[in-house]
Amino acid sequence: MISSEFNEIFRKYASDKEIFHDLMPLRAREILLVAPAFDAFTLEQDGLLTEILFEGYYQLNMSNPPRVTNVSTMEEALEKCSNRHFDMIIVMSRLGQGGHVELSKALKKASPRTPIYLLLNDNVEVGALDRRRQELQRNYDQIFVWNGNSEIFMAMVKYMEDRANLENDTAVGLTRVILLVEDSIRYYSRYLPILYSEILKQVTRLAKDQNVDGMTRTLSMRVRPKVILATTYEEAIALAERYQDFLLCVITDRKYPKDGLLDREAGIKLIKAVKDRNPYLPTLLQSSDPFKESWATAIQSGFLNKNSYTLGAELSAFFHESLGFGDFIFRNEQGQELVRAVNMEDLQAKLRTVPVESLVYHASRNHFSAWIMARGEVQVAKVLGKFRISDYRDPEEMRAFLINVGDYVQRMKTLGKVVPLTESTPKDEPNILRLAPGSMGGKGRGVAFIHSLLARMDLGGLVPEANIRIPRSAIIGTEEFTSFISRHGLRQMLQNDVDDDLIKRRFLTGSLSPELMAKLRIFLANHARGPVAVRSSGLLEDSLSHPFAGLYNTFFLPNNDPDPGVREAQLAEAIKLVYASVYTKAARSYFQAIDYKIEEEQMAILIQEVSGRRFGDRFYPHISGVAQSFNYYPVAYTQPQDGIANLAVGLGKYVVEGDKAYRFSPPYPEMDMLPPKEQFRTTQKHFYALDMSRTAIDLYSGEDATLLSLDIAEAEKDGALQHCASVWDWNDDRIRDGLDHPGPRVVNFRNILKYDQFPLPRILQHLLEVIRDAMETPVELEFAVNLDKDPVNGKPTFTLLQIKHQLMDSAEVNLDPETLDPSGLFLFSERCVGNGVVEGLRDIVWVDPDGFDKFETPALAAEIERLNDRFRTGGGKYVLLGPGRWGSNDQHLGIPIQWSMISCAQVIVEYAMENFQADASLGSHFFHNVTSLNIGYFTVPYPRGASVLDWDWLRQQPETWRSGCLVHTTLEAPVHIVMDGRRSASAIFKRVPPPPPEQDPEEPL
């Protein structure tokens, strides 16, 4: 029973921030002060009223302070009211001058819904008021006395706002209510400023202690307790009954009117009445007679001497001890202190060890609920308040429940959020930790977004047989990068053409800030339990228009040296090398290609645990991959909107760098996109793993310093291929499922995609749909899968590593293949990425297939880079044609180039040869840059089929430059390029089609 109700109340806990926005909708923005000229002048000349309202209102509500308009006569007041709306009116006037009733009636008529308060000058006027009090109370909403205490002005504003917002805030945010019962104008005018001051001080302190972001801390101030004032017994009882579910405490005088007469025991009767409904409600009896304290003790109430010189301090103590604003003090039955808890985490720890008697003592008095309520955990407190000791089998069951409540509070408070890292940050929660301030950068924003999204999704109900999570992550904000660059004078390196090695050396000699180094030590000691990946998260990275994919470095660290100092130094070195990658030649070329200034880039760092498991001296996941919600190359009955996924064994570096990965469409996992023989020919031959055999590493040598490239047979020895591969049967020219037969292995994930050994297709299909809808663009996901059962719940785990946009161009282009004249085509392809028309290109850089040697591809890559540099210097663009796959690191699949080496190419063509074929670079960093920049990307297969590639025409054009099989041709007239993204069709026309003849305006239509 307890668990189900608890979970039901917390079902929508994540909406607390939205609730905060809906609190205190009515706030004082315009105040009319009607005061004698001298008093108004004195207040404003001393800066008293403006300063008090500004400080009190601003700190408490975190919004614009109200504007005060001063007038001195009734005529001025009525004129102002006729021209402007006021939220409250304060009449400050000496009673001897008279006219108050007439003034209040006139103001009520002019502004019938505006509360009007009378502010008396001093206690002498309170005495003079007695004869006319009832008459004035009928015409003023409340009467206060100044007595020189400047905080009365802020208290009056807060009182007005509390009365105006009480109904809304208790209904929407379960806001607590303090009931003050006092009929003496002098005393409640003294009490209210003290109450509000104490509430402000306590709520501000608790808000600062909360482990939440600044906005949530600011908004949570609105959930502060509201104060309502009653001056008679009947009014107090009515308010207590109306707000009984929200009462935080009752503070009452001993004597005030009841049944129309002064009752010297009215306060005693009120406390007894409210305690009959709630025996654990904190109450405070106040009296000017100190001997009445025994009366308060007899009814289990606190006591306050109204004439005490330490009234404020005593009221503060009441807030701390009875209302839960201070430390939680565990006591025994005799009231003796046993131990203290300073926050929720500390309370959990103490709950495990305090004696049962102390638990019963506090639970029976509802102390846990009150203490948690004071910290803004309204819903938790409400749950606790519903249960009594008799609801549990024994006190130990109650202890376990209270501890679980603490766990739930901590988890819900940080659910889906980025939390600052401290020594007390929970070690076992899957939070994203912030190690330094500043922007989180592109990757950081993406990871934070999916962390928040996954926290709010019922993934357990959708895919109950698997865990779906993000890796444990930490983010170093961009402020560390900017201060690092400035501190070490590194920005000047941009002005010189410095080589990459010098850049890395200069960055490695710098030092990270002491503050960040301290956070890294905490992170490594408390949160990083295994290998970590140190990833770039540039401010512009993974943006919608320019993804910067693969441009910056990522380093994998084994994090296994027994010396914490060595692991700390390795992590710091990786961070500095990621910073250095911002200034490398590849980065500078990319920025120039997209017409951005590299000075605009700032670098955050994303540190993530590496997903996978250890196999002896190496570490890798069973499966890694990339999934896209839009498929540029649909086959058979699949549609572009069905998406595509690329899978491989081992670390995801294999997929994103363009190696041969297995492709499938998530809605149709059983469908083979390639025939069996082609699957065998193109199957994964090697994989990447993190080398765990060495503790000493040299990151200066590059990203691969800690990685191993291993034959796929090694994965089978590790037992990692059990559900990921099948066997090629030479005799029957077919693929046999499973690994029980001898023969070459084909990595096709048959047990998972065909026999649902792991629900990967369902997970991808659902995540692609949800994240695409949330981001309102096609999306790309990077993920990893560990098929081992989690020791906690026995489920395998899907880990979502990153998300990014897929850019889609919606321009209307219509390319109908049936209407094309083949003689006018240089190229036609039915496998095209891109959309739109490209004009003005006269330069074609192409690899002549007649002289191509697949063993010379690295030399070709170097030649292409040099040629590209010349185009970049001249500001030109060109069409690039080459065999195999562009963007692959494998020289046997294509020319091994990086994006920066061909950054001036406007259209890229991959053509296949009889003995040199490869699939397109789907899912790779290279491909993502191509599609996001809307660069034409065409594939011409072998055999050609319906495709066209007119080599004869190209060879007849004048060659500007040739080196071996690499040729630069400059045409006399530019080609005309059309890309129809809807049909995935593209054409390069040999010449620009002539414009249609103009219609003679005199010729009839």
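Everything that follows concerns the structure shown earlier in this document.
What counts, and where the lines are drawn
Residues numbered from 1 in each chain as written. Predicted model: local features only at pLDDT ≥ 70, side-chain atom pairs only at ≥ 80, totals over all residues. Heavy atoms only, no water. Helix = DSSP H or I, 4+ residues; strand = E, 2+ residues; numbered from the N terminus. Buried < 20%, exposed > 50% of the residue type's maximum accessible area, 1.4 Å probe, protein only. Contact = heavy atoms within 4.5 Å. Areas by Shrake-Rupley, 256 points an atom, 1.4 Å probe, with all protein chains shown as cover. Pairing = 2+ DSSP bridges. Axes fitted to C-alpha atoms, helices over the stretch in contact; angles between N-to-C directions. Phe/Tyr/Trp six-rings, centres within 6.5 Å; stacked < 30°, edge-to-face > 60°. 1 Å grid on protein atoms, 1.4 Å probe; cavity = no way out; pocket = protein on both sides within 12 Å on 5 of 7 lines; lining within 4 Å. Points joined across faces, edges and corners; volume = space filled by probe spheres on them. Nonpolar A, V, L, I, M, F, W, Y, C, P; charged D, E, K, R; others polar. Expected span 1.5 Å × (residues − 1). Parallel < 35°, antiparallel > 145°, perpendicular 65-115°, else oblique. Left-handed = near helix turned anticlockwise from the far one by under 90°. Arc of directions from axis to C-beta. Salt bridge = Lys/Arg side-chain N within 4 Å of Asp/Glu carboxyl O.

A. Just the overall build of the protein, in detail. Each helix and strand counted, the protein has 35 helices and 43 strands in total. Sorting the 1005 residues of the protein into buried and exposed places 57% on the buried side. Residue pairs in contact within the protein that sit at least 24 positions apart in sequence constitute 73% of those at least 6 positions apart. Accessible surface for the protein amounts to roughly 42,200 Å². Of this, 49% is attributable to carbon and sulfur atoms.

B. Local environment of the sheet that holds strand β33 (residues 797–805). What the six strands build is an open sheet, ordered β17-β33-β32-β24-β25-β26; its pairing is mixed. A strand with exactly one partner marks an edge of an open sheet, and here the two such strands are β17 (467–469) and β26 (662–664). Sheet twist, expressed as the mean angle between neighbouring strand axes with direction ignored, is 25°. In this structure, strand β24 (residues 623–628) lies alongside strand β25 (residues 644–648), joined through five bridges in antiparallel fashion. Its bridge partner lying in β25, A627 is registered against A645. Running over the sheet, helix α32 (residues 760–775) touches β17, β24, β25, β26, β32 (779–786) and β33 and is turned about 145° from β32.

C. Structural context of the environment of L247. Tracing the backbone shows L247 in strand β8 (residues 247–253). Looking at L247, the relative accessible area reads 11%, which means it is buried. Taking C-alpha positions, L247 is 9.1 Å from P282, a pair spaced 35 residues apart along the chain. If we ignore the near neighbours within four places in the chain, the residues touching L247 are V177, L179, A240 and L281.

D. Just the packing of aromatic side chains, in detail. As enumerated under the stated definition, the model contains 23 aromatic pairs in all. Between the aromatic rings of Y620 and F687, the centroid separation amounts to 4.9 Å while the plane-to-plane angle is 55°, which identifies the pairing as tilted. In this pair, Y620 is assigned in strand β23 (residues 618–620) and F687 in strand β27 (residues 686–691), connecting sequence segments 67 residues apart. Linked through ring pairs, F481, F484, F507, Y579 and Y583 together constitute an aromatic cluster.

E. Representation of the pairing of β32 in the model. Burial analysis of β32 places eight of its eight residues in the buried class, the great majority of the element. The side-chain alternation of β32 yields two buried faces, one formed by V779, L781, F783 and V785 and the other by E780, E782, A784 and N786. In this sheet, β32 lies alongside β24 in antiparallel orientation, the contact comprising six bridges. Within β32, the residue paired with G625 across the bridge is F783. Two elements, β32 and β33, share eight bridges in a ladder whose sense is antiparallel. Across the sheet, N786 pairs through a bridge with T797, a residue of β33.

F. Seen up close, empty space enclosed by the protein. Applying the stated criterion to the full structure yields four cavities of 30 Å³ or more. Within this model, the largest cavity holds a volume of roughly 170 Å³. Lining the largest cavity are 16 residues, and of these A661, Y662, R663, L674 and T682 lie nearest its centre. Counting residues per element, the ones that place at least two in the lining of the largest cavity are β26 and α29 (676–682). In terms of residue class, the lining of the largest cavity is made up of seven nonpolar, five polar and four charged.

G. Representation of helix α33 (residues 857–874) within the structure. Between the first and last C-alpha of α33 there are 26 Å, a value that for 18 residues agrees with the 26 Å anticipated at 1.5 Å per step. The first or second residue beyond α33 is G875, which carries a positive phi of 75°.

H. View of unusual backbone geometry. Omega for the peptide link from Y942 to P943 comes to -5°, which places this bond in the cis form. With phi around 55°, F749 is a residue other than glycine that occupies positive phi space. Inspection of the secondary structure puts F749 in the loop between β31 (745–746) and α31 (750–753). F749 gets classed as buried once you look at its relative accessible area, which sits at 0%. One non-glycine residue, D756, lies in the positive phi region at around 60°. Following the sequence through the fold, D756 ends up in the loop between α31 and α32. Accessibility expressed as a relative area gives 42% for D756, which makes it partly exposed.

I. Spotlight on the sheet that holds strand β12 (residues 302–305). Strand order in the open sheet formed by five strands is β7-β6-β8-β11-β12, with parallel pairing between adjacent strands. Each edge of the sheet is formed by a strand with only one pairing partner; in this case those strands are β7 (226–230) and β12. Across the sheet, the axes of successive neighbouring strands diverge by a mean angle of 20°, strand direction being ignored. With four bridges connecting them, strand β11 (residues 283–287) and β12 associate as parallel partners.

J. Broad picture of the packing of helix α5 (residues 74–83) against helix α6 (residues 100–110). Two elements in contact, α5 and α6, have axes whose closest approach is 10 Å; the angle formed by their N-to-C orientations is 10°. In terms of axis orientation, α5 runs roughly parallel to α6. Taken as a pair, α5 and α6 cross one another with a handedness that is right-handed. Judged by residue contacts, M74, A77, L78 and C81 of α5 engage E102, L103, A106, L107 and A110 from α6. In terms of residue class, the contact of α5 with α6 is made up of eight nonpolar, no polar and one charged.

K. Quick look at helix α23 (residues 478–487). Of the positions making up α23, those classed as buried are T478, E480, F481, F484 and I485. For α23, the arc enclosing every buried residue in end-on projection is 155°, short of the 170-degree limit, so these residues lie on one face. Of the residues flanking the end of α23, it is G489, one or two places downstream, whose phi is positive at about 60°.

L. Inspection of the pairing of strand β43 (residues 985–989) at higher detail. Taken across its five residues, β43 has five buried, putting it largely inside the fold. Bridge count between strand β34 (residues 825–829) and β43: four bridges; the pairing is antiparallel. Residue pairing across strands places L827 opposite I988, the latter belonging to β43. Judged from the five bridges that link them, strand β42 (residues 966–980) and β43 form a sheet pairing that is antiparallel. Each residue of the ladder has a partner; that of I977, found in β43, is I988. Here β42 hands over to β43 after four residues, with S984 in that stretch at a positive phi of 55°.

M. Quick look at the pattern of salt bridges. One pass over the full model with this rule turns up 50 salt bridges. The shortest N-O distance in the salt bridge between R694 and D691 comes to 3.2 Å. The salt bridge partner of D848 is R962, with a shortest N-O separation of 3.4 Å. Note that D848 is positioned in the loop between β36 (836–847) and α33 and R962 in strand β41 (residues 959–963), a separation of 114 residues in sequence. A relative accessible area of 7% means that D848 is categorised as buried.

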